[in-house]
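Summary of structural features
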Amino acid sequence: MADNKQGRDEQADREEERQREREVEEVRTRGDEKEPMGDDPAERLGDLDEALKSHDYPATTNELVEAYGEYELETQGGKQSLADVLASTDDQTYDSADDVRKRILGLIGR
C-alpha cells in the first residue's frame, strides 16, 4: 500500500473497524457475567428499606421476619426473601432501621 493520504485513511478506517469488532466481542464474552451489586442500601433492599424506616423500634429479628419476611432482596447469589436471609441468625433486638439495614447488608454480602 502506498504511503499517501488515501492509504493512511484506509488503514485508519480498518483499525477503527477492528476496534469495533473487539468491543462487540468483549460485550458478547462478558454478557453472562453478573452485574456488580450497588452500594446504595435503598437499591439493594428495594421497598424493604422504606418499610424498615417506618417500623417501630426496638424490634426483634422474629418480629421483622413476621412483618417483612416475604420481601425479596438482591443478594450476590440472586434474589432471596428476608426470611431466608435472616434464618441463619439468632433472634436479636434492633434499635433502629439503620441497625437492621447494616445487619441485612452484612448477611447478603455488600
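Just above, that's the structure.
What you see is a predicted model, and the numbers here were worked out from it, not measured in a lab. (Residues numbered from 1 in each chain as written. Predicted model: local features only at pLDDT ≥ 70, side-chain atom pairs only at ≥ 80, totals over all residues. Heavy atoms only, no water.)

Points about the overall build of the protein
To keep it simple, the criterion reads: By definition, any uninterrupted DSSP run of H or I lasting at least four residues is a helix, any uninterrupted run of E lasting at least two residues is a strand, and each is numbered from the N terminus. With a 1.4 Å probe rolled over the protein chains alone, any residue whose accessible area is under 20% of its type maximum counts as buried; one over 50% counts as exposed, and the rest are partly exposed. Residue contacts are defined here by distance: any two heavy atoms, one from each residue, within 4.5 Å place the two residues in contact.
Helix and strand content of the protein: six helices and four strands. Tracing the protein from N to C terminus, the helices and strands come up as α-α-α-β-α-β-β-α-β-α. In the protein, which comprises 110 residues, the proportion classed as buried is 28%. For the protein, the proportion of contacts with a sequence separation of at least 24, taken over those separated by at least 6, is 57%.

Concerning helix H4 (residues 61-68)
Selection rule: Arc, as used here, means the arc of the directions from the helix axis to the C-beta atoms.
Among all positions of H4, only Thr-61, Leu-64 and Tyr-68 are buried. The buried side chains of H4 occupy one side of the element, clustering within an arc of 65 degrees when seen end-on. Summarising the contacts, the buried residues of H4 are in contact with helix H3 (47-54), strand S1 (59-60), helix H5 (82-86), strand S4 (93-94) and helix H6 (97-108).

Quick notes on unusual backbone geometry
A cis amide bond links Tyr-57 with the next residue in sequence, Pro-58, at an omega value of 5 degrees. Relative to the helices and strands, Pro-58 is located in the loop between H3 and S1.

Notes on the pattern of salt bridges
This is how it is decided: The salt bridge criterion pairs a side-chain nitrogen of Lys or Arg with a carboxyl oxygen of Asp or Glu, the two atoms within 4 Å.
Per the counting criterion, the structure on display carries ten salt bridges. For Lys-5, the salt bridge identified is with Asp-9, shortest N-O distance 3.3 Å. A residue pair is termed a helical-turn pair when its members lie 3 or 4 positions apart in one helix, as Lys-5 and Asp-9 do in helix H1 (residues 5-30) at four residues. We classify Lys-5 as exposed; its relative accessible area is 55%. For Asp-49, the salt bridge goes to Lys-53, with nearest N and O atoms at 3.7 Å. Here the residue Asp-49 and the residue Lys-53 both occupy positions in helix H3, the gap between them amounting to four residues, near one helical turn. Overall, the relative accessible area of 48% leaves Lys-53 in the partly exposed class.

Observations concerning the pairing of strand S3 (residues 78-81)
Worth spelling out the cut-off: Pairing between two strands is assigned when DSSP locates at least 2 bridges connecting them.
Both strand S2 (residues 72-75) and S3 contribute to a ladder of four bridges, which runs antiparallel. Bridge pairing in S3 places Glu-74 opposite Lys-79. Taken together, S2 and the strand that follows it, S3, pair antiparallel across an intervening segment of two residues.

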